[in-house]
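Each chain, written out:
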Amino acid sequence: MARRVVDEHVRRYYDQRALEYDDWWLGGGLFAGRPRPGWSEEVDELISVIGALPPARTLDVACGTGLLTRHLPGDVVALDQSESMVAVAADRMPEVRVLQGDAVPLPFADGDFERVFTSHFYGHLLPEEREPFLDEARRVGGQLVIVDSALRDDVPPEEHQQRVLNDGSRHTVYKRFFAPDELAAELGGATVLHSGRWFVAVAA
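Figured I'd write up the structure that's included with this text. (Residues numbered from 1 in each chain as written. Predicted model: local features only at pLDDT ≥ 70, side-chain atom pairs only at ≥ 80, totals over all residues. Heavy atoms only, no water.)

### Some remarks on the sheet that holds strand 4 (residues 115-119)
Filter applied, for reference: Criterion used throughout: strands pair if DSSP finds at least two bridges between them. Secondary structure elements are defined from DSSP: runs of H or I of at least 4 residues count as helices, runs of E of at least 2 residues count as strands, and each element is numbered from the N terminus. Every axis in this analysis is a line fitted to C-alpha atoms, fitted for helices over the stretch in contact. Angles between the N-to-C directions lie between 0 and 180 degrees.
Within the open sheet, the seven strands sit side by side as 3-2-1-4-5-9-8. Their pairing is mixed. The outermost strands of the open sheet, each flanked by one partner alone, are strand 3 (97-100) and strand 8 (191-195). In this sheet, adjacent strand axes meet at a mean angle of 15 degrees when their direction is disregarded. Of the pairings in the sheet, the one linking strand 1 (residues 58-61) to strand 2 (residues 76-80) comprises four bridges and is parallel in character. Directly across from T58, in strand 2, lies its bridge partner V76.

Encoded structure:
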């Protein structure tokens, strides 16, 4: 049986975080007042980049609350391991098929999709977890689009972050930050779709 990508602690963390996850995107809750110059404008730009993709049968892996998923053009299926995230995403996108399931193995047949999309998931994978996920993404889909956090001068390329939720609970989460060209090369030669202060997006 294939080993599951992302450990149980991280799974519980994201399940617990579901109802406050959008605060990170929208600048609410614990993120209110946090200095992030140009953040909102770049979120809008990223949404525009996603919306400009050619329509395709798309699988969004680790869809979270569906905040970006709803902008994907074409026939979309959304997948997340968290029951709480799936509930939020399904409520937000009644027209989208939203499923609970793992990224490895993906519960789909070979070639079921034209595109696999994932946002802020690949950067949480440890070295030994990356290739199994990429193999699964390539098995079920053609194009792979990855959105993740941009490498900046004030962050290291990788770290174990201590994160605090609204209830005060603390969680350790592995996190990578990406230079767009390096991520493109890691995927075997991808096209950079977006290169910003906060986000990168590449298509392979």
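Picking up after the structure, the text goes on.
### So, the environment of R130
Test applied: Only heavy atoms matter for contacts: two residues are in contact if any of them lie within 4.5 Å across the pair. For the purposes of these results, a polar contact is taken to be a pair of N or O atoms within 3.5 Å, where, inside protein, one atom must be able to donate a hydrogen and its partner to accept one; residues adjacent in sequence count only when each atom of the pair is a side-chain atom.
Topologically, R130 is positioned in helix 5 (residues 127-140). Once you skip the residues sitting within four places of it in the chain, R130 turns out to touch Y122, L125, E158, Y174, R176 and E186. Among the polar contacts listed, one links the side chain of R130 to the backbone oxygen of L125, at a separation of 2.9 Å.

### With respect to the environment of D80
Relative to the assigned elements, D80 resides in strand 2. Separated by 64 residues in the primary sequence, D80 and L144 have C-alpha atoms spaced 17 Å apart. Every residue in contact with D80, bar those within four places of it in the chain, is listed here: A62, C63, G64, M85, V86, L99, Q100 and G101. Of note is the side chain of D80, whose polar atom sits 2.9 Å from the backbone nitrogen of S82.

### Details of the packing of aromatic side chains
The geometry of an aromatic ring pair comes down to the distance between the two centres and the angle between the two planes. What counts, and what does not: Between 30 and 60 degrees the pair is tilted, below 30 it is stacked and above 60 it is edge-to-face, where a pair is any two Phe, Tyr or Trp rings, Trp via its six-membered ring, whose centres lie within 6.5 Å. Note on geometry: a ring has a charge over it if NZ (lysine) or CZ (arginine) is within 6 Å of the ring centre and within 35 degrees of the ring normal.
Summed over all chains, the structure comprises twelve aromatic pairs. When the ring of W24 is compared with that of W39, the centres are 5.2 Å apart and the planes differ by 80 degrees; the resulting orientation is edge-to-face. On the criterion of sequence distance, the pair formed by W24 in helix 2 (residues 22-26) and W39 in helix 3 (residues 39-51) is long-range, its members being 15 residues apart. In textbook terms, an aromatic cluster arises when at least three aromatic residues are bridged by ring pairs, as seen for Y13, Y14, Y21, W24, W25, W39, W198 and F199. When the ring centre of W39 is taken as reference, the NZ or CZ atom of R36 above it lies at 3.8 Å. Across the ring face of F177, the terminal group of K175 is positioned such that the distance to the ring centre comes to 5.7 Å.

### Observations concerning the side chain of E136
Mapped onto the secondary structure, E136 falls in helix 5. Excluding residues within four positions of it along the chain, E136 makes contact with A103, V104, P105 and L106.

### Details of the pattern of salt bridges
When the charged atoms of two side chains with opposite charge come close together, those side chains can pair. Applied cut-off: For this document, the term salt bridge refers to a Lys or Arg side-chain nitrogen within 4 Å of an Asp or Glu carboxyl oxygen. The classification of residues rests on relative accessible area computed with a 1.4 Å probe and restricted to protein chains. Under 20% of the type maximum is buried, over 50% is exposed, and intermediate values are partly exposed.
Per the stated rule, a full pass over the model turns up eight salt bridges. With its nearest N and O atoms 2.7 Å apart, the salt bridge here joins D22 to R92. With D22 in helix 2 and R92 in helix 4 (residues 83-92), this pair connects stretches of sequence that are 70 residues apart. A residue is classified by how much of its surface remains accessible, and R92, at 29% relative accessible area, is partly exposed. For R139, the salt bridge identified is with D110, shortest N-O distance 2.8 Å. Taken as a pair, R139 in helix 5 and D110 in the loop between strand 3 and strand 4 lie far apart in primary sequence, 29 residues in all. Connected through shared salt-bridge partners, D110, E136 and R139 make up one network.

### Considerations on helix 3
Note on helix geometry: an α-helix contains 3.6 residues per turn, so any two residues three or four positions apart are oriented the same way. Stated formally: In a helix, the anticipated span is given by 1.5 Å times the number of residues less one. Of all possible arcs, the one meant is that of the directions from the helix axis to the C-beta atoms.
Given a rise of 1.5 Å per residue, 13 residues ought to cover 18 Å, and the 18 Å separating the end C-alpha atoms of helix 3 matches this to within 8%. Turning to helix 3, its buried residues number three or more, namely W39, E42, V43, L46, I47 and I50. Seen along its axis, helix 3 keeps its buried residues to an arc of 145 degrees; they face one direction. Next to the buried residues of helix 3 lie helix 2, strand 4, strand 5 (143-149), strand 8 and strand 9 (199-203).

### Remarks on the nonpolar core
What counts is decided by this rule: In this text, buried Ala, Val, Leu, Ile, Met, Phe, Trp, Tyr and Cys residues form a nonpolar core when linked through side-chain atoms within 4.5 Å.
Among the nonpolar cores identified, the biggest contains 35 residues, and W24, W25, L46, L68, V98, F117 and F199 are the most heavily contacted of them. When contributions to this core are tallied by element, the ones reaching two or more residues are helix 1 (8-17), helix 2, helix 3, strand 2, helix 4, strand 5 and strand 9. The leading source of residues in this core is helix 3, at five residues. Filtering out sequence-adjacent residues up to four positions away, F199 remains in contact with W24, W25, W39, E42, V43, L46, H120, D148, A150 and H194.

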